[in-house]
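What the coordinates show
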Amino acid sequence: MSEKVRSMFDAISGRYDLLNHSLSAGRDTVWRRKAVNLFQVSKSNALVLDLCGGTGDFSLAWNRKHANDTCIVGDFSQSMLQMGARKGMSHLSVMDALSLPFKDGMFDVVLCGFGMRNLDDLEAGIRAVHSVLKPGGTFLTLEFFRPETGFTIFFYRGLAPLFIPILGAALGSKKSAYEYLVKSVQGFCGVDKYADLCRSAGFGDVQTRAYDFGIAHAVVAMKPVGKA
């Protein structure tokens, strides 16, 4: 990820959670909970990587349901991770999502909430996740994908460019950061294309779930058992 994007996240880290909860009217918290609830059973004491984990909200949501699992929060922004440390999180590490500092087949689950569209090379990022997952492991993505339905096109190309940067600036953040947010969604791939990229990277069963008429989606990708 570029230094420009890293600097942007460093600059907004102190108000990142407040802004996200406000801009989504609290729905981001609901989306994380629903995504985690897609997993009915978790391996006891599973090892989980929260990739592009920011301030750790996805890990917190995971541990509310799977209290015995260990979550490692990885992000390229030290400032974002410092905000996670203030929440009492202890397993925090600065890392590049395209060059993960872990051995192959290490994790039972990889989470990524609203981070994949920030990668310079999406396909390489998905392959990196596949590599660090154990056979039978799961990759859970929660993301804003490119709008492709009438409602999401209206939301992301009509409403969002107007109110998200303005509201972000009103809440004390840089307007440019939230202009980037909108542009990154518009320039990202669609959810079906993302699912296809996961399959191309070696994932087997890939399922998608739309939230709030497609404003956000969860994608659950399983690494086949016996797949190195």
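Above this text is the structure in question.
Residues numbered from 1 in each chain as written. Predicted model: local features only at pLDDT ≥ 70, side-chain atom pairs only at ≥ 80, totals over all residues. Heavy atoms only, no water.

Axis separation between helix α2 (residues 16–23) and helix α7 (residues 150–170) bottoms out at 10 Å; the angle between their running directions is 140°. Classified by the angle between their axes, α2 and α7 sit oblique to one another. For the crossing formed where α2 meets α7, the hand is right-handed. Note on element contacts: α7 touches α2 through Phe163, Ile164, Leu167 and Gly168, opposite Leu19, Ser22 and Leu23. (Axes fitted to C-alpha atoms, helices over the stretch in contact; angles between N-to-C directions. Helix = DSSP H or I, 4+ residues; strand = E, 2+ residues; numbered from the N terminus. Parallel < 35°, antiparallel > 145°, perpendicular 65-115°, else oblique. Left-handed = near helix turned anticlockwise from the far one by under 90°. Contact = heavy atoms within 4.5 Å.)

This paragraph deals with the pairing of strand β2 (residues 70–75). In terms of burial, β2 is largely enclosed, as five of its six residues are buried. Regarding the hand of the β-α-β motif, the stretch spanning strand β1 (residues 47–51), helix α4 (residues 57–65) and β2 is right-handed. Both β2 and strand β3 (residues 92–94) contribute to a ladder of three bridges, which runs parallel. For Gly74, the partnering residue across the bridge sits in β3 and is Ser93. Remark: the β2/helix α5 (residues 78–86)/β3 crossover connection has right-handed handedness. (Buried < 20%, exposed > 50% of the residue type's maximum accessible area, 1.4 Å probe, protein only. Right-handed = clockwise from strand over helix to strand, strands pointing away. Pairing = 2+ DSSP bridges.)

The mixed open sheet is built from seven strands, whose spatial order is β3-β2-β1-β4-β5-β7-β6. Because the sheet does not close on itself, it has two edges, and the strands there are β3 and β6 (206–211). Adjacent strand axes in the sheet meet at a mean angle of 20° when their direction is disregarded. In this sheet, strand β4 (residues 107–113) lies alongside β1 in parallel orientation, the contact comprising four bridges. Bridged to Val48 within β4 is Val109. In this fold helix α3 (residues 27–36) packs onto β5 (133–143), β6 and β7 (216–222), with an angle of close to 155° to the strand it touches most, β5. Running at roughly 140° to β5, helix α6 (residues 122–132) makes contact with β1, β4 and β5 of the sheet.

Structurally, Val36 can be placed in helix α3. Looking at Val36, the relative accessible area reads 1%, which means it is buried. Each C-alpha atom of the pair Val36 and Leu111 lies 9.4 Å from the other, and the pair is 75 residues apart in sequence. Once you skip the residues sitting within four places of it in the chain, Val36 turns out to touch Phe58, Ala61, Trp62, Lys65, His66 and Leu140.

On to the packing of α6 against helix α9 (residues 191–200). When two helices pack together, their arrangement is captured by the angle between the axes and the distance separating the axes. Remark: α6 packs on α9, axes separated minimally by 9 Å, with the N-to-C direction vectors making an angle of 50°. As far as their axial angle goes, α9 and α6 are oblique. Considering only the axes of α6 and α9, their crossing is right-handed. Here Leu122, Glu123 and Ile126 of α6 lie close against α9, whose contacting residues are Tyr194, Leu197 and Cys198. Split into classes, the residues belonging to the contact of α6 with α9 amount to five nonpolar, no polar and one charged. (Nonpolar A, V, L, I, M, F, W, Y, C, P; charged D, E, K, R; others polar.)

Okay, the environment of Asp50 next. Along the chain, Asp50 falls in strand β1. Sequence separation of Asp50 and Leu111 is 61 residues, and the distance between their C-alpha atoms is 4.7 Å. Contact partners of Asp50, with chain neighbours within four places excluded, come to Gly56, Phe58, Ser59, Ile72, Val73, Gly74 and Leu111.

Here the focus is the pattern of salt bridges. Oppositely charged side chains can form a pair if their charged atoms are brought close together. Counting across every chain of the model gives nine salt bridges. Linking Glu3 and Arg6 is a salt bridge whose minimum nitrogen-to-oxygen distance equals 3.2 Å. With Glu3 and Arg6 both in helix α1 (residues 3–12) and three residues apart, the pair spans about one turn of that helix. Judged by its relative accessible area of 24%, Arg6 is partly exposed. For the salt bridge of Arg146 with Glu148, the shortest nitrogen-to-oxygen distance reads 3.1 Å. Through salt bridges with shared partners, one network takes in Asp17, Asp57 and Lys87. (Salt bridge = Lys/Arg side-chain N within 4 Å of Asp/Glu carboxyl O.)

Turning our attention to the pairing of β6. The two faces of the sheet receive side chains in turn, since in a regular strand these alternate between them. Direction of pairing for β6 relative to β7: antiparallel, over a ladder of six bridges. Its bridge partner lying in β7, Tyr211 is registered against Ala216. Here β6 folds back onto β7 in antiparallel fashion, the turn holding four residues, of which Asp212 has a positive phi close to 50°.

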